[in-house]
Amino acid sequence: MKILFYGTASYDKDSFSRELPDYPDLQVDFTETNLTPMTAALARGYDAICAFVNADVHAMTLEILAGFGVKLVLMRCAGFDAVDVEMAKALGIKVTRVPAYSPEAIAEHAMALALCANRRIHKGYIRVRENDFSLDGLVGETLHGKTAGIIGTGRIGAALCRICKGFGMTVLGSDLYPNQKLVDEEHVVDEYVDYDELYSRADLISLHAFLNEESYHMINDDSIAKMKKGVIFVNTGRGGLVDTEALIRGIRAGKIGAAGLDVYEEENANVYQNREDQIMMHSVTARLCSFPNVVMTSHQAFFTKEALGEIARVTLDNARAYDKGEEFVARSVVC
């Protein structure tokens, strides 16, 4: 079975190459070129392709892939926003993902963003490097004794609940399908509340909800208005959960006291690209970066050795299962 890996970075090649000796029936080729309708023709002669979260796997791309006989799309990420699932079904293309490669990695990064933005660690680091040892403008809030609001308490949200409880915080959860075990057995969620109550009570809010039509821009002017003044806000979920212009207004008004963002609406043009020699015209990213109380990373929350290894194993397990007509890895099939 021949698989073409699109958008391959050095760490992708390294992590998959370490696992490939255990999959002798799979022939893998890597290309740095990302998957788009213009590059789909590179898959001629391959049985499957593998792509990441920043690929374009929409209708036109899928039609071209199907025309070349590609029957399997392996997404080496948890989300499948980039895939036109209905078109894949219509074309008879199987789509898989990696549903839970390292919840703890993302939860740890979420807390790191919260701490960095809240305590202005990024500003302090730069000052010390420039021999400026003043503390003006670096004051933050102590998290111990404060209230954390976790929106979405799946694997990642639950991992962050455990971290917040370890910090001595009261933890509120909000989820369409509450995990009562987190309350009754693990005792890491103090209670489940609706969104409005969470907004009004939480000192730290972290997003871990799925992005769909209902959750799109769930953080907007109205929801921000209900939050505590000076709230610490973190998003490691999906950029589309937040109305970025509303977030900027909230920061300027002092409603958002600190923000840590690993995802944002404008990220697709930037994610995993080096644009240091470019001027970003009319960019919300540039505006967010201009605020001293905002810390941004580029879809980095998943990025640990353990997560990369799990992504490689699950992706290759699914490829082998398809090749041999066996069951895919549990919860990994999109269509």
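Here goes a summary of the coordinates provided. (Residues numbered from 1 in each chain as written. Predicted model: local features only at pLDDT ≥ 70, side-chain atom pairs only at ≥ 80, totals over all residues. Heavy atoms only, no water.)

Turning our attention to the overall build of the chain. What the chain contains, in helices and strands, is twelve helices and twelve strands. By the compact-globule yardstick of 20 Å for 335 residues, the chain fits well, its C-alpha radius of gyration being 21 Å. Each principal axis of the C-alpha atoms in the chain carries an extent, and together these give about 60 × 50 × 35 Å. Split into buried and exposed, the 335 residues of the chain put 50% on the buried side. A separation threshold of at least 6 residues defines the contact pool for the chain, and within that pool the share at least 24 residues apart is 68%. Side-chain charges of the chain comprise 34 positive and 47 negative groups, with the mean position of each set lying 3 Å from the other. (Helix = DSSP H or I, 4+ residues; strand = E, 2+ residues; numbered from the N terminus. Rg over C-alpha atoms; globule rule 2.2 N^0.38 Å. Buried < 20%, exposed > 50% of the residue type's maximum accessible area, 1.4 Å probe, protein only. Contact = heavy atoms within 4.5 Å. Lys, Arg positive; Asp, Glu negative; His and termini not counted. Charge placed at Lys NZ, Arg CZ, Asp CG, Glu CD.)

One number sums up the size of the largest pocket: a volume of about 1400 Å³. If you go around the largest pocket, you meet 46 residues; those closest to its centre are Ile156, His208, Ala209, Phe210 and Leu211. Looking at the lining of the largest pocket, the elements that each hand over two or more residues are helix H4 (103-119), helix H6 (155-166) and helix H8 (195-201). The biggest single contributor to the lining of the largest pocket is H6, with three residues. Looking at the lining of the largest pocket, its residues break down into 24 nonpolar, 14 polar and eight charged. (1 Å grid on protein atoms, 1.4 Å probe; cavity = no way out; pocket = protein on both sides within 12 Å on 5 of 7 lines; lining within 4 Å. Points joined across faces, edges and corners; volume = space filled by probe spheres on them. Nonpolar A, V, L, I, M, F, W, Y, C, P; charged D, E, K, R; others polar.)

Right, let's talk about the nonpolar core for a bit. Ile3, Leu35, Ile49, Val57 and Val73 are the most contacted members of the largest nonpolar core, which has 52 residues in total. The set of elements that each furnish at least two residues to this core consists of strand S1 (2-5), strand S3 (48-51), helix H2 (59-67), strand S4 (72-75), helix H3 (85-91) and helix H12 (305-324). Ranked by residues supplied to this core, first place goes to H12 with eight residues. Sequence-distant contacts of Val57, that is, excluding residues within four places in its chain, are made with Leu35, Leu62, Val73, Met75, Ala82, Val83 and Asp84. Among the nonpolar cores identified, the runner-up in size contains 28 residues, and Ile151, Tyr199, Phe233 and Ile248 belong to it. (Core = buried A, V, L, I, M, F, W, Y, C linked by side-chain atoms within 4.5 Å.)

Glycine aside, the phi torsion of most residues is negative, and most peptide linkages are trans. Despite not being glycine, Asn131 shows a phi value in the positive range, around 65°. Examined against the element boundaries, Asn131 turns out to sit in the loop between helix H5 (121-129) and strand S6 (147-151). Even without glycine at this site, His217 takes up a positive phi of about 55°. Here His217 is to be found in the loop between strand S9 (204-207) and helix H9 (221-225).

Here the structure, examined in full by the defined rule, presents two cavities of 30 Å³ or more. Counted as a void, the largest cavity has a volume near 70 Å³. If you trace the largest cavity, you find it lined by Tyr11, Asp12, Ser15, Phe16, Phe52, Arg76, Phe302, Leu308 and Ile311. Elements with a contribution of two residues or more to the lining of the largest cavity: helix H1 (10-19) and H12. Looking at which element gives the most residues to the lining of the largest cavity, the answer is H1, with four residues. Here the residues of the lining of the largest cavity sort into six nonpolar, one polar and two charged. Looking at the second largest cavity, its volume works out to about 40 Å³. As for the second largest cavity, its lining consists of Asn235, Gly239, Val242, Thr244, Leu247, Leu261, Val263, Tyr264 and Glu265. Looking at the lining of the second largest cavity, its residues break down into five nonpolar, three polar and one charged.

The tally for this structure, following the rule as stated, stands at eight aromatic pairs. When the centroid spacing of 6.4 Å and the interplanar angle of 25° are considered together, the rings of Tyr195 and Tyr199 count as stacked. Separated by four residues within a single helix, Tyr195 and Tyr199 lie in helix H8, roughly one turn from each other. Taken together, the ring pairs in this structure connect Tyr11, Phe52, Tyr101, Phe302 and Phe303 into an aromatic cluster. Its guanidinium or amino end placed over the ring of Tyr46, Lys2 lies 4.9 Å from that ring's centre, counting from NZ or CZ. (Phe/Tyr/Trp six-rings, centres within 6.5 Å; stacked < 30°, edge-to-face > 60°. Lys NZ or Arg CZ within 6 Å of the ring centre and 35° of its normal.)

Their axes nearest at 9 Å, the elements H1 and H12 cross at an angle of 60°. In terms of orientation, H1 lies oblique with respect to H12. Judged by the sense of rotation from one axis to the other, the crossing of H1 with H12 is right-handed. The segment H1 lies against H12, with Tyr11, Ser15, Phe16 and Glu19 engaging Leu308, Gly309, Ile311, Ala312, Arg313, Thr315 and Leu316. Classifying every residue of the contact of H1 with H12 by side-chain character gives six nonpolar, three polar and two charged. (Axes fitted to C-alpha atoms, helices over the stretch in contact; angles between N-to-C directions. Parallel < 35°, antiparallel > 145°, perpendicular 65-115°, else oblique. Left-handed = near helix turned anticlockwise from the far one by under 90°.)

Moving on to the sheet that holds strand S11 (residues 256-261). One open sheet accounts for seven strands, arranged S8-S7-S6-S9-S10-S11-S12; its pairing is parallel. Taken across any chain shown, the strands that pair with only one partner, and hence form the sheet edges, are strand S8 (191-192) and strand S12 (294-296). In terms of strand pairing, S9 meets strand S10 (residues 231-235) through four bridges, oriented parallel. Considered in S10, the bridge of Ser206 is made with Val234. (Pairing = 2+ DSSP bridges.)

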